[in-house]
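Fold and geometry: a report
Residues per chain, in single letters:
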Amino acid sequence: MKHLSHLASDPAATRGREFLADENLQRGPRSVFQRDRDRIVHSIAFRRLRHKTQVFVAPDGDHYRVRLTHSLEVAQVARTIARTLGLDEDLTEAQSLAHDIGHPPFGHAGEKALDDALFTRGGWDHNAQTLRTLMRLESPYIEHPGLNLTWESLEGLAKHNGPVADPDPALAALDEAYPLALGDWPSLEAQIAAISDDIAYDNHDIDDGLRAGFLEMDQLLALDFVADRWRAIERRFPNASAELRQRELVRSQIGWMVNDVLEETRRRCAGIDCVADVRAAGRQLVGFSDEVTAQERALKSFMYETVYYHPEQQAAARTAKGVIEALYEAYAADPSLMAEGWRDVPAEAAARARHIADFIAGMTDRYAIDAYRRITGISPEGLQNV
């Protein structure tokens, strides 16, 4: 059996699950964190990620990343970091795989439409929706709602970017039912899942941006730290094709970031004696060094300017936002247009709005497009820009 760090979350010391029906249920030798991971993988909500936007809206090409492939790539990076630091890989993987389950169709364009629709009801947030999906909406069990994940998995997902001082109504309601210590920092495993998300999309979005033609290598090489790595690859592989060198660049960038996180996290954790101290540290313990933090932020800014805010991306996002707005308005006016099982809407206004948003948030890109076409008789143009 592998030796774990004294800072690793211990599945034998879990704070348990919200519903006690599962407490004494054991199927095979899996730990509680392994069971969390498996519940996520087997969920319908996880499977729907294969048809949800990552960067490019409703991509028609087979080679572009979607939420599902992105989540798998985050888990791969996170497991590497967790294993090297002697932390619990299963808890890390569970949170990595689940972190985007709350995303609506069409990525941030869909999120903006739902947030606007629920503006007077406390707004809408994809991270809170992840918890709502896992704790209430995804219900394959007879004895309780939700997947009934462990406290450790849920608290890490709730604190996606650290402590939550002002939770939105959806997260606040869940925290009231099952307190998740929102004011504390989460486990190291959760912090690893969060930074692995950054590492994965920072670099894999470069790959997709180049593939789509929204980004040219000459533009990317304006970043000195990328250019240095590119020149080293050219010297090492002078006869390789540009495409293979580009793939090598992405791998090199990921390795550079992972190694920096490992070194910096070890430095920050010096003197931290136990898991309780991780939560009480008052600061993020898993992170980049100052130098790499500055370079990673520069890379993000560059990607927003060249890829995420590309005119074609912005046009597709406006169309996608319009699709979600139209669906919300249609369902609010006539709930019978929703799928069977969703038509019995709450009478109270805020609960009714949240119910409609729940239905839309669970849609895939293609389901939303089909629903819009059925309701309006119009096929939205310009959504598939790659």
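The residue numbers shown here count from 1 along each chain, following its written sequence. Since the coordinates come from a predicted model, pLDDT governs what is reported: local features require at least 70, and pairs of side-chain atoms require 80 or more to be given and counted, while whole-chain, interface and lining totals use all residues. To obtain the side-chain values, all non-hydrogen atoms of the structure were included, while hydrogens and water were left out.

**Regarding the overall build of the protein chain**
A run of DSSP states H or I qualifies as a helix once it reaches four residues; a run of E qualifies as a strand once it reaches two. Both are numbered from the N-terminal end. Counting its regular elements, the protein chain contains 17 helices and zero strands. Computation of the radius of gyration draws on C-alpha atoms alone. For the globule rule, the value is 2.2 Å times the number of residues to the power 0.38. Since a compact globule built from 386 residues should have a radius of gyration of about 21 Å, the 22 Å found for the protein chain is in line with a globular shape. Counting only C-alpha atoms and orienting by the principal axes, one finds that the protein chain spans roughly 65 × 50 × 40 Å. Categorising residues by exposure relies on relative accessible area from a 1.4 Å probe, with only protein chains included: less than 20% of the type maximum marks a residue as buried, more than 50% marks it as exposed, and the intermediate range marks it as partly exposed. For the protein chain, the residues scored as buried account for 55% of the 386 residues in total.

**Notes on helix H9 (residues 188-212)**
Here the expected span of a helix is defined as 1.5 Å times the quantity of residues minus one. Helix length check: H9 (25 residues) gives 36 Å between terminal C-alpha atoms against 36 Å at 1.5 Å per residue, within 8%. Across the 25 residues that make up H9, a large majority, 22, are buried. Looking one or two residues beyond H9, the residue adopting positive phi is glycine 213, at roughly 80°.

**Some thoughts on the nonpolar core**
With 47 residues, the main nonpolar core has Ile81, Ile199 and Leu220 as its most contacted residues. At the level of secondary structure, the elements contributing two or more residues to this core comprise helix H3 (67-85), H9, helix H10 (217-220), helix H11 (224-236), helix H12 (242-269) and helix H14 (290-308). Sorting elements by how many residues they give to this core places H12 first, with nine residues. Ignoring anything within four residues of it in the chain, the contact list for isoleucine 81 reads Ile192, Ser196, Ile199, Val258, Val261 and Leu262. Remark: nonpolar core denotes a set of buried residues (Ala, Val, Leu, Ile, Met, Phe, Trp, Tyr, Cys) joined through side-chain atoms within 4.5 Å. Throughout, a contact is declared for two residues whenever any of their heavy atoms are within 4.5 Å.

**Things to note about the side chain of aspartate 197**
Mapped onto the elements, aspartate 197 comes out in helix H9. Here aspartate 197 occupies a buried position and makes no salt bridge, while the nearest side chain of opposite charge, arginine 67, is found at 6.4 Å. In this tally, Lys and Arg are treated as positive and Asp and Glu as negative; His is ignored, and so are the chain termini. Definition used for salt bridges: Asp or Glu carboxyl oxygen within 4 Å of a side-chain nitrogen of Lys or Arg.

**Focus on unusual backbone geometry**
Even without being glycine, alanine 58 reaches a positive phi, approximately 45°. The topology assignment puts alanine 58 in the loop between helix H2 (44-47) and H3. Here the phi dihedral of phenylalanine 106 falls at roughly 70°; this positive angle occurs in a residue that is not glycine. With respect to the helices and strands, the residue phenylalanine 106 is situated in the loop between helix H4 (89-98) and helix H5 (107-117).

**Quick notes on the pattern of salt bridges**
Here the structure, examined in full by the defined rule, presents 29 salt bridges. Glutamate 73 is the salt-bridge partner of arginine 65, the closest N and O atoms lying 2.9 Å from each other. The exposure class of arginine 65 is buried, given its relative accessible area of 13%. With relative accessibility at 18%, the residue glutamate 73 sits in the buried group.

**Describing the packing of helix H6 (residues 126-137) against helix H8 (residues 169-177)**
Fitted lines through C-alpha atoms give the axes, limited to the stretch in contact for helices. The angle between two N-to-C directions lies from 0 to 180 degrees. At their nearest, the axes of H6 and H8 sit 8 Å apart, and the two run at 45° to each other. It follows that H6 is oblique to H8 by the angle criterion. Crossing geometry of H6 relative to H8 is assigned as left-handed. Counted together, Ala128, Leu131, Arg132, Met135 and Arg136 of H6 and Ala170, Leu171, Leu174 and Ala177 of H8 form the full contact between these two elements. For the contact of H6 with H8, a count of residues per class yields seven nonpolar, no polar and two charged. In these notes the angle categories are as follows: under 35 degrees is roughly parallel, over 145 is roughly antiparallel, 65 to 115 is roughly perpendicular, and the rest is oblique. Here a crossing is taken to be left-handed if its near helix is turned anticlockwise relative to the far helix by less than a right angle, and right-handed if that turn runs clockwise. Side-chain classes follow a simple rule in which Ala, Val, Leu, Ile, Met, Phe, Trp, Tyr, Cys and Pro form the nonpolar group, Asp, Glu, Lys and Arg form the charged group, and the remainder, Gly included, forms the polar group.

**Some details on H12**
Given a rise of 1.5 Å per residue, 28 residues ought to cover 40 Å, and the 41 Å separating the end C-alpha atoms of H12 matches this to within 8%. Looking one or two residues past H12, glycine 271 carries a phi angle of roughly 90°, positive in sign.

**Some thoughts on the packing of aromatic side chains**
Side-chain rings of Phe, Tyr and Trp, where Trp is taken by its six-membered ring, are said to pair if the distance between their centres is within 6.5 Å; with planes under 30 degrees apart they count as stacked, over 60 as edge-to-face, and otherwise as tilted. Applying the stated rule across the entire model yields eight aromatic pairs. Between phenylalanine 56 and tyrosine 64, the aromatic rings sit 5.4 Å apart at their centres with planes inclined by 70°, giving edge-to-face as the arrangement. Overall, tyrosine 64 belongs to the buried group, its relative accessible area being 14%. Note on tryptophan 342 and phenylalanine 359: the rings are 5.3 Å apart at their centroids and 40° apart in plane angle, and the pair reads as tilted. Here the residue tryptophan 342 occupies a position in the loop between helix H15 (311-333) and helix H16 (349-361), and phenylalanine 359 occupies one in helix H16, the gap between them amounting to 17 residues. Aromatic rings pair up to connect Tyr331, Trp342, Phe359 and Tyr367 into one cluster. Over the aromatic face of tryptophan 256 sits the side chain of arginine 229, whose NZ or CZ is 4.4 Å from the ring centroid. Over the ring of tyrosine 367 we find arginine 374; its NZ or CZ atom is 5.8 Å from the centre of that ring. Lysine and arginine charges are scored as sitting over a ring when NZ or CZ, respectively, is within 6 Å of the ring centre and within 35 degrees of the ring normal.

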